[in-house]
Amino acid sequence: MSFNLSVLSGPYRLITGAFYTRQQPTGSWLLTLTLSVVALSATLPVSTGEPAQPGQPGQPGQFEEPVDWAEGQAVQEIEIRGLTRVDEGTVLRLIRTRKGRPFERRLWDEDWHRLDASGYFLNVRTTEPIVWPGGVKLAVDLVEKASISQIVFRGNKSVSAPKLLALIKSYEGGRYDKGQVHLDKVSIEKYYQEKAFRSINVDYAIETVSSHRQQIGGKEVDVEDEVRVIFTLDEGS
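Keep in mind that what you see is a predicted model, and the values were worked out from it rather than measured.

**Brief notes about the overall build of the protein chain**
For step 1, the next point in the chain: Helix and strand counts for the protein chain stand at four helices and 10 strands.
For step 2, the next point in the chain: For the protein chain, the α and β elements follow one another from N to C terminus as β-β-β-β-α-α-β-β-β-β-α-α-β-β.
For step 3, the next point in the chain: The 237 residues of the protein chain split such that 26% are buried.
For step 4, the next point in the chain: Considering only intrachain contacts with a sequence separation of at least 6, the fraction spanning at least 24 residues in the protein chain is 55%.
For step 5, the next point in the chain: Within the structure as shown, the protein chain displays about 16100 Å² of accessible surface, and the carbon and sulfur contribution to it stands at 52%.

So this is what it looks like as structure tokens:
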């Protein structure tokens, strides 16, 4: 006699059994197949095919969003850190979160974008709220962009420095932006090319005039306060 057992997984289990017996009188094999199906209730509830409705507890795959403990708490302090030339009032005017008002996570996140887009700062970091007497305390860590103390042109034999200064957007006393200085280089080359200087080549270098030490991400690093921008021109033959 032989018995073969097959089990299928799922909310119902299917058990099949096949029994083989030998009928002695005729000397031939007779196959008698007996199929039994046993439905076993699963431990999980049977799905009805309908999607789970949000807000109903206990539904598979439904997760509650974590509660933001700081939302709605009164903002007691906003600390501005890292300023050297930009005054604190300017920063507070740029953001919409206000001392004495309820904390709004959405507004605080938007404040980061407002500060980053202001053009004043090389790096912006807004901290998570911390528990403070009467509500929460917030902080903003800032790294200011260096100011340009001087713009120098070297190798410009055919075009005067005042003319070149008029071609670029960086200016002495303004904030140093590496991307803008690169665009200034392109503008100078384009002007020369339009004047038939086909072999013009412009390069630039940045020299640190003054700097200070500042804590950034738990590390003390050198931060430039003033820089000198030097454009070197090769007008070609």
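**Examining the environment of E71**
For step 1, the next point in the chain: On the secondary structure map, E71 appears in the loop between strand 3 (28-32) and strand 4 (75-81).
For step 2, the next point in the chain: Note on E71: relative accessible area 41%, which makes it partly exposed.
For step 3, the next point in the chain: Sequence-distant contacts of E71, that is, excluding residues within four places in its chain, are made with F103, E104 and R105.
For step 4, the next point in the chain: Within the structure, the side chain of E71 is placed 3.0 Å from the backbone nitrogen of R105, a separation counted as a polar contact.

**With respect to the packing of aromatic side chains**
For step 1, the next point in the chain: Within this structure, the stated rule accounts for five aromatic pairs.
For step 2, the next point in the chain: Through pairs of rings, three or more aromatic residues link up here, namely F153, Y204 and F231.

**What to know about the nonpolar core**
A general feature of soluble globular proteins is that nonpolar side chains tend to end up buried together.
For step 1, the next point in the chain: Counting residues in each nonpolar core, the largest one holds 18 residues, and the members touching the most others are F153, I188, Y192, F231 and L233.
For step 2, the next point in the chain: Here F231 is in contact with I151, V152, F153, R154, I168, V181, D184, K185, I188, V202, D203 and Y204, once residues within four sequence places are set aside.
For step 3, the next point in the chain: Core analysis: the second largest hydrophobic core is formed by 16 residues, A70, F103, V124 and L142 among them.

**Description of the environment of Y171**
For step 1, the next point in the chain: For Y171, the location among the structural elements is in the loop between helix 3 (161-167) and helix 4 (178-194).
For step 2, the next point in the chain: Among the residues examined, Y171 registers a relative accessible area of 51% and is labelled exposed.
For step 3, the next point in the chain: Through-space distance from the C-alpha of Y171 to that of S149 is 8.8 Å; in sequence the pair is 22 residues apart.

**Quick look at the pattern of salt bridges**
For step 1, the next point in the chain: A complete count under the given rule lists 18 salt bridges for this structure.
For step 2, the next point in the chain: Among the ionic pairs, R114 bridges to E110, the shortest N-O distance being 3.6 Å. With a gap of four residues between them, R114 and E110 both fall in helix 2 (residues 105-116), about one helical turn apart.
For step 3, the next point in the chain: Taking relative accessible area as the criterion, R114 reaches 24% and is therefore assigned partly exposed.

**Some remarks on unusual backbone geometry**
For step 1, the next point in the chain: In this structure, A196 takes a positive phi of about 75° despite not being glycine.
For step 2, the next point in the chain: Along the polypeptide, A196 turns up in the loop between helix 4 and strand 9 (201-216).

**Concerning helix 2**
For step 1, the next point in the chain: Helix length check: helix 2 (12 residues) gives 17 Å between terminal C-alpha atoms against 16 Å at 1.5 Å per residue, within 8%.
For step 2, the next point in the chain: For helix 2, the set of buried residues is R105, L107, W108, D111 and L115. For helix 2, the buried positions fall inside an angular range of 160° around the axis, keeping them on one side.
For step 3, the next point in the chain: Packing partners of the buried residues in helix 2 comprise helix 1 (88-94), strand 5 (121-126) and strand 7 (135-144).

**Let's talk about the side chain of K185**
For step 1, the next point in the chain: Counting through the fold element by element, K185 comes out in helix 4.
For step 2, the next point in the chain: A residue is classified by how much of its surface remains accessible, and K185, at 14% relative accessible area, is buried.
For step 3, the next point in the chain: Apart from residues no more than four positions distant in its own chain, K185 is found in contact with V202, Y204 and F231.

What counts as what
Residue indices begin from 1 for each chain and proceed along its sequence in written order. For a predicted model such as this one, the threshold for reporting local features is a pLDDT of at least 70, and the threshold for listing and counting side-chain atom pairs is 80 or more; totals across whole chains, interfaces and linings nevertheless cover every residue. Hydrogen atoms and water are omitted, and side-chain values are computed over all heavy atoms in the structure. By the criteria applied, helices consist of DSSP H or I runs no shorter than four residues and strands consist of E runs no shorter than two, each listed in order from the N terminus. Three exposure classes are used, based on accessible area relative to the maximum for each residue type with a 1.4 Å probe and protein chains only: buried under 20%, partly exposed in between, and exposed over 50%. Contacts are residue-level and defined by heavy atoms, with any inter-residue pair within 4.5 Å sufficient. The method behind every accessible area is Shrake-Rupley, applied with a 1.4 Å probe, and residues are considered shielded solely by the protein chains displayed. In protein, a polar contact means a hydrogen-donor-capable atom and an acceptor-capable atom, both N or O and within 3.5 Å, with residues adjacent in sequence counting only if both atoms are side-chain atoms; elsewhere, any N or O pair within 3.5 Å suffices. Classification of ring pairs rests on two measures: the distance between centres of Phe, Tyr or Trp rings, Trp counted by its six-membered ring, which must be within 6.5 Å, and the angle between planes, read as stacked under 30 degrees, edge-to-face over 60 and tilted in between. For this analysis, a nonpolar core means a set of buried residues of the types Ala, Val, Leu, Ile, Met, Phe, Trp, Tyr and Cys, connected via side-chain atoms within 4.5 Å. A pair is scored as a salt bridge if a Lys or Arg side-chain nitrogen falls within 4 Å of a carboxyl oxygen belonging to Asp or Glu. Multiplying one less than the number of residues by 1.5 Å gives the expected span of a helix. By arc we mean the arc of the directions from the helix axis to the C-beta atoms, nothing more.

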